[in-house]
Amino acid sequence: MRIVSFGYQTWGRKTLQALIDSDHEVVLAVTHPTSEQSYKAIWNDSVEELAREHGIPVHLTERADAETIDLVKRAEPDLIVVNSWYTWMPAELYNLPPHGTLNLHDSLLPKFTGFSPVLWALISGETEIGLTIHRMDEGLDTGDILVQHALPVPPKATGTELVEAGMELIPGALHEALTAIESGTARWRPQHKAERTYFHKRSDRDSRIDWSWPAVDLERFVRALSEPYPRAFAYYRGERIEVLEAAISEARYGGTPGRVIVQEGGGAVVCGPDAYRGNNHGLLILRVRTADGREHRAAEFFTRGGYLTATPE
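Note that the structure is a prediction, hence the values are computed from the model and not measured.

### Some details on the overall build of the chain
- A tally of regular secondary structure across the chain gives nine helices and 16 strands.
- Its C-alpha atoms give the chain principal-axis dimensions of roughly 70 × 40 × 30 Å.
- Across the 313 residues that make up the chain, the buried fraction comes to 52%.
- Of the roughly 14,800 Å² of accessible surface on the chain, 49% is carried by carbon and sulfur atoms.
- Computing the positive centroid from 32 side-chain charges and the negative centroid from 44, the chain places the two 7 Å apart.

### Some words on the UniProt feature "domain: Formyl transferase C-terminal" (unreviewed entry) in the chain
- Taking the UniProt record as the reference, the feature "domain: Formyl transferase C-terminal" (unreviewed entry) is found at residues 204-303.
- The span residues 204-303 shows a helical share of 14% and a strand share of 43%, and its end C-alpha atoms are spaced 28 Å apart.

### So, the layout of surface pockets
- In this model, the largest pocket occupies a volume close to 1,000 Å³.
- Forming the boundary of the largest pocket are 43 residues, of which Ser84, Trp85, Tyr86, Gly114 and Phe115 lie nearest the centre.
- For the lining of the largest pocket, the secondary structure elements donating two or more residues are α1 (9-20), β4 (79-83), β5 (101-105), α5 (117-124), β7 (128-135) and α6 (159-167).
- Of the pockets and cavities examined, the second largest pocket occupies roughly 160 Å³.

### Remarks on the sheet that holds β4
- The seven strands lie next to each other as β3-β2-β1-β4-β5-β7-β8, forming an open sheet whose pairing is mixed. Both edges of this open sheet fall to β3 (58-60) and β8 (145-152), since each of them pairs with a single strand only. On average, adjacent strands in this sheet sit at an angle of 15 degrees to one another, irrespective of strand direction.
- The pairing of β4 with β5 spans four bridges and is parallel. Across the sheet, the residue bridging to Val82 is Asn103, located in β5.

### Side note on the side chain of Thr290
- In this structure, Thr290 sits in strand β14 (residues 280-290).
- A polar side-chain atom of Thr290 sits 3.2 Å from a polar atom in the side chain of His296.
- Excluding its chain neighbours within four sequence positions, the residues that come into contact with Thr290 are Glu239, Arg240, Ile241, His296 and Phe301.

### A short note on the nonpolar core
- Membership of the largest hydrophobic core comes to 41 residues, with the highest contact counts inside it found for Trp211, Ile285, Phe302 and Leu308.
- Only α5, α6, α8 (215-224), β10 (232-236), β11 (239-253), β13 (267-270), β14 and α9 (298-301) provide two or more residues apiece to this core.
- When residues of this core are assigned to their parent elements, the largest contribution, six residues, is made by α5.
- For this core, the domains that each give at least three residues are domain 1 (2-199) and domain 2 (208-309).
- For Leu308, the residues in contact, after removing those within four places along its chain, are Trp211, Ala234, Tyr235, Tyr236, Ile241, Gly258, Val260, Val270, Ile285 and Phe302.
- In terms of nonpolar packing, the next biggest core, distinct from the first, is built from 27 residues, Val26, Ala29, Val58 and Leu131 among them.

### Overview of α6
- Residues of α6 that are buried: Gly159, Thr160, Leu162, Val163, Gly166 and Met167. Within α6, the buried residues cover an arc of 165 degrees as seen down the axis, which keeps them to one side.
- Those residues of α6 hidden inside the fold are in contact with α1, α5, β7, β8, α7 (170-183) and α8.

### Description of the pattern of salt bridges
- As enumerated under the stated definition, the model contains 19 salt bridges in all.
- Residues Arg289 and Glu242 are paired through a salt bridge, measuring 2.8 Å at the closest nitrogen-oxygen approach. Here Arg289 is found in strand β14, whereas its partner Glu242 is found in strand β11, with 47 residues between them in sequence. You'll find Arg289 and Glu242 in the same group, each marked buried.
- Close ionic contact of Glu295 with Arg287 constitutes a salt bridge, the shortest N to O distance being 2.8 Å.

### Focus on the pairing of strand β1 (residues 2-7)
- With respect to burial, β1 is a largely interior element, five of its six residues being buried.
- Sheet analysis places β1 next to strand β2 (residues 25-31), joined by five bridges and oriented parallel. Bridge assignment links Phe6 to a residue of β2, and that residue is Val30.
- Chirality of the crossover, the property in question, places the unit of β1, α1 and β2 among those that are right-handed.

### A look at unusual backbone geometry
- Cis geometry marks the peptide bond from Leu109 to Pro110, where omega comes out at 10 degrees.
- Examined against the element boundaries, Pro110 turns out to sit in the loop between β5 and β6 (113-114).
- The step from Glu227 to Pro228 runs through a cis peptide bond, and the omega angle for that step is 10 degrees.
- Within the secondary structure, Pro228 is located in the loop between α8 and β10.
- The phi dihedral of Arg237 is positive, around 55 degrees, even though this residue is not glycine.
- Mapped onto the secondary structure, Arg237 falls in the loop between β10 and β11.

Criteria and thresholds
Along each chain, numbering runs from 1 in the same order as the chain's sequence is written. Owing to the predicted nature of the model, reporting of local features is limited to residues with pLDDT of at least 70; listing and counting of side-chain atom pairs is limited to 80 or more, with chain, interface and lining totals taken over all residues. Calculation of side-chain values draws on the structure's entire complement of heavy atoms; hydrogens and water are dropped beforehand. For the purposes of this entry, the term helix denotes a DSSP run of H or I that reaches at least four residues, the term strand denotes a run of E that reaches at least two, and both are numbered from the N terminus. Residue exposure (1.4 Å probe, protein chains only): buried if accessible area is under 20% of the type maximum, exposed if over 50%, otherwise partly exposed. Reported accessibility uses the Shrake-Rupley method at a 1.4 Å probe radius. Residues are deemed covered only where the shown protein chains occlude them. Only four residue types enter the charge count: Lys and Arg as positive, Asp and Glu as negative, with His and the chain ends excluded. Charge positions come from single atoms, namely NZ of Lys, CZ of Arg, CG of Asp or CD of Glu. UniProt positions are given in the numbering used here, feature names are shortened, and annotations may be inferred rather than shown by experiment. Cavities and pockets are found on a 1 Å grid laid over the protein atoms alone: a cavity is a set of points where a 1.4 Å probe fits but cannot escape, a pocket is an open set with protein on both sides within 12 Å along at least five of seven lines, and a lining residue has an atom within 4 Å of such a point. Grid points are joined across faces, edges and corners, and a volume is the space filled by probe spheres set on the points. Each pair of strands is called paired provided DSSP finds at least two bridges between the two strands. Every axis corresponds to a line fitted to the C-alpha atoms, with the helix fit spanning only the stretch in contact, and the corresponding angles, defined between N-to-C directions, vary from 0 to 180 degrees. Whenever a nitrogen or oxygen atom comes within 3.5 Å of another N or O atom, the pair is scored as a polar contact, on the condition that within protein one atom can donate a hydrogen and the other can accept it, and that pairs from neighbouring residues in sequence are kept only if both atoms are in side chains. Contacts are residue-level and defined by heavy atoms, with any inter-residue pair within 4.5 Å sufficient. Residues enter a nonpolar core if they are buried and are Ala, Val, Leu, Ile, Met, Phe, Trp, Tyr or Cys, with the set joined through side-chain atoms within 4.5 Å. Residue ranges for the domains originate in an automatic or database domain assignment. The arc under discussion is defined with respect to the helix axis, by the directions toward the C-beta atoms. Salt bridge, as applied in this entry: a Lys or Arg side-chain nitrogen positioned within 4 Å of an Asp or Glu carboxyl oxygen. Call a crossover right-handed when, viewed with both strands pointing away from you, the route from the first strand across the helix to the second goes clockwise.

Written out as structure tokens, the structure is:
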């Protein structure tokens with residue numbers, strides 16, 4: 001089949017590589033220009049570079065405009081394949097090829113539609129993540145499903161580890177999808193709208209620690225926001241600090257949420273929700289980083305006690 005690729009960042013590059021490695025012909029690669037915006041600068045392996053290395057025509061654009069549609073028409077694709085495309089795609093474009101358009105989304109749809117699905121899944125306490133290949137339609141990640149591959153979430157996995165593991169699903173899942181379409185054996189499964197969950201784009205505020213959360217949730221939150229993502233943060237004595245490593249306390253503690261109260265297991269325990277009842281575990285902070293970029297062992301950094309807050313106080 002003749003295929004046009006729409007993709008960006010490492011997800012788009014891995015998808016393009018899988019297409020290049022297939023028995024199909026990539027006739028055009030459409031991608032966004034390089035960006036320094038926070039989440040676009042993460043996992044920023046170049047689709048353009050890979051396409052040019054293999055002699056594939058490249059079109060750089062922020063959106064699927066009239067010029068883009070015209071170029072795709074002239075490429076005469078049998079199928080469009082999309083992964084990590086940031087802007088709206090009109091029906092005139094995604095319905096253009098005889099086999100339509102496939103979109104790759106790194107969640108088990110219909111759950112975790114939208115943005116940063118792997119991070120949100122870990123934060124939410126999901127036991128598995130995955131990759132869905134579905135038909136593009138007028139909604140966001142709402143089209144009929146063709147292929148889904150799942151992965152369990154290990155107990156101590158970080159967000160970065162899960163993102164990398166999810167990317168490794170791309171070649172196998174895409175091969176399965178292309179084979180089904182080419183052979184005429186594709187079976188499409190509608191998504192159940194009642195099961196759909198949607199998550200918005202992450203911003204700086206979404207990395208701020210909320211001490212009303214239970215320790216088990218905060219521990220996952222810290223793991224989810226691993227390098228290269230913006231780290232979980234709070235304020236201590238007016239200074240913004242990033243929490244790099246944490247665990248759940250062995251003992252239960254009482255007091256006021258956000259209070260640094262005691263040393264345990266080489267770290268410092270911070271009270272969580274309903275702390276005045278004394279029934280809950282605290283978050284055991286093990287490592288932090290200050291605004292000057294220096295890392296500190298929490299047991300040494302928090303020797304003065306005090307409070308971790310949502311704003312400088």
